Amino acid sequence: MEIVIIFLLFWFMFGFVGWRIMSNKGRSGVGGLFLGLFLGLIGLLIALVLKPSLEHQAREQKAIREILRDD
């Protein structure tokens, strides 16, 4: 029974970490959740190698330009 609880904790942990990785890259957090839940460690590796979304990159560049302009 303990092994089942440990398995479930790891399973949900992979889903949560996948959600956080994808959200931080400006992508669908739900997509990252499903990657982590269904593919486990492989899903996390996929989430890590994906590039940030174009909108996320544009927002970061705009924020950097505003910071540099203020100085």
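This write-up is about the structure you can find in this document.

### Here's the deal with a nonpolar patch on the surface
- A surface patch of nonpolar side chains, about 890 Å² in accessible area, is lined by Met1, Ile3, Val4, Ile5, Phe7, Leu8, Leu9 and Phe12.
- Mapping Val4 onto the fold places it in helix α1 (residues 2-24).

### Observations concerning the side chain of His56
- Tracing the backbone through its elements, the reader meets His56 in helix α4 (residues 54-70).
- Dropping the residues within four chain positions of it, His56 is found in contact with Asn24, Lys25 and Gly26.

### Concerning the packing of aromatic side chains
- Summed over all chains, the structure comprises 4 aromatic pairs.
- Measuring from centroid to centroid gives 5.2 Å for Trp11 and Phe12, while their planes differ by 50°, and the two rings are tilted.
- Residue Phe12 is classed as exposed on the basis of its relative accessible area, which comes to 51%.
- When the ring of Phe34 is compared with that of Phe38, the centres are 5.6 Å apart and the planes differ by 5°; the resulting orientation is stacked. Here Phe34 pairs with Phe38, and both are found in helix α2 (residues 29-39), just 4 residues apart, close to one helical turn.
- Owing to a relative accessible area of 61%, Phe38 belongs among the exposed residues under this scheme.
- The ring centre of Trp19 lies 5.7 Å from the NZ or CZ of Arg20, which sits over that ring.

What counts as what
Residues numbered from 1 in each chain as written. Predicted model: local features only at pLDDT ≥ 70, side-chain atom pairs only at ≥ 80, totals over all residues. Heavy atoms only, no water. Patch = residues over 30% accessible without salt bridge, like charges linked within 9 Å, V, L, I, M, F, W, Y side chains within 5 Å. Areas by Shrake-Rupley, 256 points an atom, 1.4 Å probe, with all protein chains shown as cover. Salt bridge = Lys/Arg side-chain N within 4 Å of Asp/Glu carboxyl O. Helix = DSSP H or I, 4+ residues; strand = E, 2+ residues; numbered from the N terminus. Contact = heavy atoms within 4.5 Å. Phe/Tyr/Trp six-rings, centres within 6.5 Å; stacked < 30°, edge-to-face > 60°. Buried < 20%, exposed > 50% of the residue type's maximum accessible area, 1.4 Å probe, protein only. Lys NZ or Arg CZ within 6 Å of the ring centre and 35° of its normal.

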